[in-house]
Amino acid sequence: MAKATSVRLLDSGSCVIDQSHITWNVGCGTPVRFPVYSVLIEHPDGLIMFDTGYDLDVVNEFLPFELPEQTEQQRLPGQLELAGFGTDDVVAMVNSHLHFDHCGGNKHLGRATTFVHELEVREARSPEPFEVLGYADRSWDHAGASFELLSGDVTLADGVHLFHTPGHTIGHYSLLVEVEGLERPLLFMADVAYTPDAYARDHQAGFHHDPVAGVRSIRRVKRIAREWNAEIFFTHDMEVFRTYKLAPDAYAA
Ligand code: ZN
């Protein structure tokens with residue numbers, strides 16, 4: 001058994017939403033540009049991805065008002081190449097959830113098995129009316145895709161832990177990765193809270209499946225962060241994103 005040797009953040013470009021979507025009901029009328037990225041884990045068991053960013057064509061078709069900005073190199077194949085890998089090198093991908101900005105690159109990873117919560121797949125295939133736009137990208141659900149449906153908390157590989165953190169969506173997972181030689185594990189809460197400010201105030205995103213579960217999940221992530229002394233990564237905050245190391249740079253010993 002051996003843990004991950006590195007973690008890289010793959011930049012997927014950015015989009016714009018209203019501040020009230022970042023902190024539920026607060027700050028209406030203020031547009032905010034937010035980053036989208038995915039996480040590449042180098043592990044002795046093989047390359048694992050957590051989320052795959054968004055597909056520019058899908059956003060332009062279904063959510064053009066989010067003003068997507070994504071270069072060719074910010075597409076998943078370009079980002080993997082920048083990190084020194086090809087799309088066929090990835091053996092497993094986990095989707096924190098199946099919103100369009102977390103699964104848009106799945107279709108490029110033909111060899112990888114998709115690990116996703118069983119309830120998330122059910123919901124994304126048959127969303128409630130208010131979830132239809134969030135689940136607008138269905139390209140993850142193609143005939144060649146092989147799925148491993150999960151439930152509860154799961155340790156996917158040595159040092160790669162998934163925590164079921166529902167609320168934002170029904171089958172939402174957060175990720176904690178132990179990297180060989182790094183003092184602190186890395187914690188990716190995905191969309192449990194979008195920004196440091198939202199997290200500090202227990203403010204979930206305006207978009208959620210179950211707001212009560214959402215607040216519980218923010219508190220659960222705080223407990224996990226404390227218990228593991230983890231370094232927290234926020235998913236959709238441009239200011240902190242600019243301080244992160246991006247591929248080809250890596251979080252490694
Ligand atoms: Zn989401």
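Our subject is the structure listed above.
First things first, this report covers the structure right here in the doc. No experiment lies behind these values; they were computed from the predicted model shown. (Residues numbered from 1 in each chain as written. Predicted model: local features only at pLDDT ≥ 70, side-chain atom pairs only at ≥ 80, totals over all residues. Heavy atoms only, no water.)

Quick look at the coordination of the zinc ion now. Only His97 (NE2), His99 (ND1), His168 (NE2) and Asp191 (OD) from the protein reach the zinc ion as donors, at distances of 2.1 to 2.3 Å. Coordination at the zinc ion comes from four donor atoms whose angles at the metal span 90 to 178 degrees, giving a geometry best classed as irregular. Mapped onto the sequence, the residues coordinating the zinc ion show the spacing H-x1-H-x68-H-x22-D. With His99 in the loop between strand E4 (90–94) and helix H4 (100–103) and His168 in the loop between strand E8 (160–164) and strand E9 (173–177), this residue pair connects regions lying 69 residues apart in the sequence. The same class applies to His99 and to His168, which are both buried. (Donors = N, O, S within 2.8 Å, 3.2 Å for Na, K, Ca; no water. Tetrahedral: all angles 85-135°; square planar, octahedral: opposite > 155°, others 65-115°. Helix = DSSP H or I, 4+ residues; strand = E, 2+ residues; numbered from the N terminus. Buried < 20%, exposed > 50% of the residue type's maximum accessible area, 1.4 Å probe, protein only.)

Ranked by internal contacts, the top residues of the largest apolar core, which has 42 residues, are Val7, Leu9, Val39, Ile41, Leu175 and Phe188. Not counting the four nearest positions on each side in its chain, Leu175 is found in contact with Val39, Ile41, Phe50, Val160, His161, Leu162, Leu186, Leu187 and Phe188. Listed in part, the 13 residues of the second largest apolar core include Leu76, Met93, Leu109 and Ala112. (Core = buried A, V, L, I, M, F, W, Y, C linked by side-chain atoms within 4.5 Å. Contact = heavy atoms within 4.5 Å.)

The next subject is the pairing of E4. Counting buried positions along E4 gives four out of five residues, so the element sits mostly inside the fold. Where strand E3 (residues 46–50) meets E4, four bridges bridge the pair, whose relative direction is parallel. Counted as the bridge partner of Met49 is Met93 from E4. Where E4 and strand E5 (residues 113–117) come together, three bridges link them in parallel fashion. For Val94, the partnering residue across the bridge sits in E5 and is Phe115. (Pairing = 2+ DSSP bridges.)

Further remarks concern helix H7 (residues 211–228). Spanning 18 residues, H7 covers 26 Å between terminal C-alpha atoms, matching the ideal 26 Å at 1.5 Å per step. For H7, the complete set of buried residues consists of Ala213, Gly214, Ser217, Ile218, Val221, Ile224 and Ala225. Down the axis of H7, the smallest arc covering the buried residues is 145 degrees, so these residues share one side. For H7, the exposed residues lying more than 90 degrees away from the buried face are Arg216, Arg226 and Glu227. Its buried side turned inward, H7 meets E8, E9, strand E10 (186–188), helix H6 (196–200) and strand E11 (231–233). Where H7 starts, the residue carrying a side-chain oxygen 3.0 Å from the main-chain nitrogen of Val212 turns out to be Asp210. Where H7 terminates, the next one or two residues include Asn229, which has phi positive at roughly 50 degrees. (Expected span 1.5 Å × (residues − 1). Arc of directions from axis to C-beta. Polar contact = N/O pair within 3.5 Å; in protein donor to acceptor, adjacent residues only side chain to side chain.)

Scope: geometric values only; no functional claims are made or implied.
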